Amino acid sequence: MNLQQLLRLPRYLGALGPPRRRWWSPSLDTIASVGSWRGQSSRSPAYWNQVVSEAEKIVGYPTSFMSLRCLLSDELSNIAMQVRKLVGTQHPLLTTARELVHDSRHNLQLRGLVVLLISKAAGPSSMNASCQNYDMVSGIYSCQRSLAEITELIHTALLVHRGIVNLNELQSSDGPLKDMQFGNKIAILSGDFLLANACNGLALLQNTKVVELLASALMDLVQGAYHENSTSAKETYITDDIGISTWKEKTFLSHGALLAKSCQAAMELAKHDAEVQDMAFQYGKHMAMSHKINSDLQPFIKEKTSDSMTFNLNSAPVVLHQEFLGRDLWIKQIREAQEKGILDYAKLRETIKAGKGVTSAIDLCRYHGNKALAALESFPPSEARSALENIVFAVTRFS
Amino acid sequence: MASRWWRWRRGCSWRPAARSPGPGSPGGAGPQGPRAAADARAQMACFHFMKHLTSAFPNVYSISRFHHTTPVACCYSKTRSGEKFTDPFKLGWRDLKGLYEDIRKELLISTTELKEMSEYYFDGKGKAFRPIIVVLMARACNIHHNNSRDVQASQRSIALIAEMIHTASLVHDDVIDDASSRRGKHTVNKIWGEKKAVLAGDLILSAASIALARIGNTTVISILTQVIEDLVRGEFLQLGSKENEDERFAHYLEKTFKKTASLIANSCKAVSVLGCPDPVVHEIAYQYGKNVGIAFQLIDDVLDFTSCSDQMGKPTSADLKLGLATGPVLFASQQFPEMNAMIMRRFSLPGDVDRARQYVLQSDGVQQTTYLAQRYCHEAIREISKLRPSPERDALIQLSEIVLTRDK
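Along each chain, the written sequence defines residue order, and numbers are assigned to residues from 1. In the order they appear in the text, chains get letters beginning with A and ligands get numbers beginning with 1. Predicted model: local features are reported for residues with pLDDT of at least 70 only, side-chain atom pairs are reported and counted for 80 or more only, and whole-chain, interface and lining totals are derived from all residues. Remark: hydrogens and water are excluded; side-chain values derive from all non-hydrogen atoms of the structure.

A. Highlighting the nonpolar core. Residues and elements named next belong to chain A. Joining through side-chain atoms within 4.5 Å is the link that ties buried Ala, Val, Leu, Ile, Met, Phe, Trp, Tyr and Cys residues into a set, and such a set is a nonpolar core. Burial classification: accessible surface area is computed with a 1.4 Å probe over protein chains only, and a residue below 20% of its type maximum counts as buried, one above 50% as exposed, and the rest as partly exposed. L117, L214, Y283 and F379 are the most contacted members of the largest nonpolar core, which totals 196 residues. The residues contacting Y283, other than those within four sequence positions of it, are V114, I118, A372, A375, L376, L388, I391 and V392. In terms of nonpolar packing, the next biggest core, distinct from the first, is built from 30 residues, I242, F311, V318 and L348 among them. Every residue pair with non-hydrogen atoms within 4.5 Å of one another is taken to be in contact.

B. Expanded view of the packing of helix α21 (residues 365–384) of chain B against helix α22 (residues 391–405) of chain B. Residues and elements named next belong to chain B. Following both chains from N to C, one finds α21 and α22 inclined at 180 degrees, their axes separated by 10 Å at the closest point. By the angle class used here, α21 and α22 are roughly antiparallel. The segment α21 lies against α22, with A373, Q374, C377, I381 and I384 engaging R393, L396, I397, S400, E401 and L404. Considered class by class, the residues forming the contact of α21 with α22 number seven nonpolar, two polar and two charged. Comment: axis = line fitted to C-alpha atoms, over the contacting stretch for helices; angle = value between 0 and 180 degrees taken between N-to-C directions. What counts as a helix is a DSSP run of H or I of at least four residues, what counts as a strand is a run of E of at least two, and both are numbered from the N terminus. Between 65 and 115 degrees an angle is taken as roughly perpendicular, under 35 as roughly parallel, over 145 as roughly antiparallel, and anywhere else as oblique. Charged residues are taken to be Asp, Glu, Lys and Arg, nonpolar residues to be Ala, Val, Leu, Ile, Met, Phe, Trp, Tyr, Cys and Pro, and polar residues to be all remaining types, Gly included.

C. How the structure looks around unusual backbone geometry. Residue and element names in this part refer to chain B. In the Ramachandran plot, D178 falls in the positive-phi region, its phi being about 55 degrees despite a non-glycine side chain. With respect to the helices and strands, the residue D178 is situated in the loop between α10 (153–176) and β1 (181–182). Here F347, not a glycine, exhibits a phi torsion of approximately 50 degrees, which is positive. We classify F347 as buried; its relative accessible area is 5%.

D. Structural context of the pattern of salt bridges. Residues and elements named next belong to chain B. By convention in these notes, a salt bridge is any Lys or Arg side-chain nitrogen within 4 Å of a carboxyl oxygen on Asp or Glu. Applying the stated rule across the entire model yields 27 salt bridges over all chains. Two residues, E235 and K259, come together in a salt bridge whose shortest N-O distance is 2.9 Å. One end of the pair, E235, is in helix α13 (residues 218–239); the other, K259, is in helix α14 (residues 245–275), and 24 residues separate them in sequence. The same class applies to E235 as to K259, namely buried. The salt bridge involving R382 is made with E383; its shortest N-O contact spans 3.8 Å. There is no split in this pair, since R382 and E383 are both buried.

E. Local environment of the interface of chain B and chain A. With 39 residues of chain B in contact, the opposing surface of chain A contributes 38 residues. Here the quantity called buried area is the accessible surface, traced with a 1.4 Å probe, that two parts lose on coming together, added over both. For the chain B and chain A pair, buried surface summed over both sides reaches about 3700 Å², with 70% attributable to carbon and sulfur atoms. For chain B, the biggest contributors to the area lost against chain A are K195, L199 and F236 of chain B; these three give 19% of the whole. On the surface where chain B and chain A come into contact, there are one salt bridge. The salt bridge partner of E212 of chain A is R214 of chain B, with a shortest N-O separation of 2.8 Å.

F. Up close: the confidence of the model for chain B. All names here are of chain B. For every residue, the pLDDT score states the predictor's confidence, bounded by 0 at the bottom and 100 at the top. Here chain B averages 79 in pLDDT, and 76% of its residues register 70 or above. Per-element confidence in chain B is highest for α21, whose mean pLDDT is 95, and lowest for helix α4 (residues 63–69), whose mean pLDDT is 33. The low-confidence segment residues 1–83, where pLDDT is below 50, has 114 contacts with residues more than four positions distant or belonging to other chains.

G. Focus on helix α7 (residues 99–106) of chain B. All names here are of chain B. Among the residues of α7, those classed as buried are L99, Y100, D102 and I103. For α7, the angular spread of the buried residues around the axis is 160 degrees, confining them to a single face. Against α6 (88–93), α9 (129–146) and α10 lie the buried residues of α7. The arc in question is traced by the directions running from the helix axis to the C-beta atoms.

Shown next, in the form of structure tokens:
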């Protein structure tokens, strides 16, 4: 046991004492603090990056090692050579590949990072006294590090598979059919390759419950991706007639399930009990929801938004706007913003901003943020826990 | 394995022998009676092939002796005499009642269209070749181990999972190959589009993984995870082609193992692990599945040339159209070196596919491939014969012969 762990020990033991529920009392302060961040400064990428990079220091080293190993393998480097053929086409695989390399928003590694942080925040389990602490680095078991990488692999695989194009819907501007076909082929194979690596990593963890959790997360993710694909494929500018509760269900599948179940699995790997596992699940779920709503809000709250900037008609503020307005009025508003069949997003955005959708989306984002913070209260205070809190503060802060 | 094939290719004498009939010779181009077509020339190749097998399967110490003392024909009559003349499919199906209903239960999906897509191939019209082998192997191993007359629920689950993994890979393969029909109906990608088809494949895979995890055995998880990895690597192998003629055959066999045999071999191994603690039995199950699996695919590649599309439920010469050089083509190119250029350009020029097909049918590529499949089946039979006799063991022996004689 190293010095760092020794230093953490008293705090950890304190957390195990009987009056565990006492941790709920300061949670009110924390919840209040979500609001207090509001006035400080506008959400800036710089602040977000600072939160993420400090969190990365806490976990020792970042996540994407296994992904890198995959990228350097024979199979994928062959593919990288082939992807050059796609340059000049509109195949989505190119965008995905670009985002993998230049990930300015840190969204790709975020899932793995959260899994590592929550692993560290929970520490070793008391039920697991016999467990080998020697394979801990920076307070995280090596199996938990593998899990974090697997989480990233699954996320990336689905990202790649979502970028398949339907060949019978191609526009002439997309590029030659043969190239698009080839792009699909490469996208399927690379996605499958990442998934196979994830399966392999999961099998090595030698824990059937973790395999089941992550496999069901994959199933959720696929269903979520299916919903997103089928809504974005709609040609008309009419949004789905869904209420916010349906929206939340679908968004949990596409954005929350993987992180929630990975956080839970990280606890299972350290043999934490069902209660701790549930708290980790809740943090992952609510943090992911609040993160998603935050990014949905960006087109509506950025000070300088270029007029042509489009937004998803099934994003949280729009769905809430529709809910307040009623379906008929909303369709009327969309019609009014349409000119010769082309939707004027700038005009529609102003309409939405005038309604209550944006402010209720901010409220919803904070609601999930607070739920995430509340779940963290059952973990002993530590720098890892603070980092998890800071991530919530960063996504719930609006100017 | 790969390098051994290469050595075999170099060391054996079938190349000059195979060349003798010359182009245009009618020498057995007909699709019928592949077993009868194992003529004297093939017998000679057999001798060298057996020599090769000895080195390819080092644990098989008795094989060369087996060859020298037992003529090939005799080996057949021997297995024939032990036959119970029960249909292995009927025998296996007794444990598989409700197979497709149970698979559909694993696909717990709320969205109607997504569920419809995922269930599309679980319509009960497939051969269920893999589940049949899996349950027969389960029973054969259980009887071998402690004369148990039961199949465990977990072993039956492996049959479901094997069929699900197989189907998931079919759905993805059809998108990759832009295939439009399978099993006599349109492919998922033709009906719902590529985007959704890929997700349907992922969904079936995730459902299979959940079912696998619920068995609760980490060894079994590792065994079947190997299959998923092999399937992807096999697909990658299919993407590339070797310039070196000698490497091509090894490449082809490696691809065949990964894309087809690995699933059968590893699911056989998984049920043996669940039914019996003896590692020797696990190896027998694995070797049986591997050899039957390779034979199965070799015959599949032959049927692509000899069968008509109505029988197969998918278009024939499909492999050539995809640019793939399978066994019959590789053997034919030994007789007709002008095929090498076509192989290298993946039959991409107009007329290549038809010409290659003609060359194959004029050569003895079909017979050579069938013969090779027979060798793999013999090896499978030799392995499974190490288990204690049981109706299921004999059904597995019979099944490996059905693999050779099937016409669809």
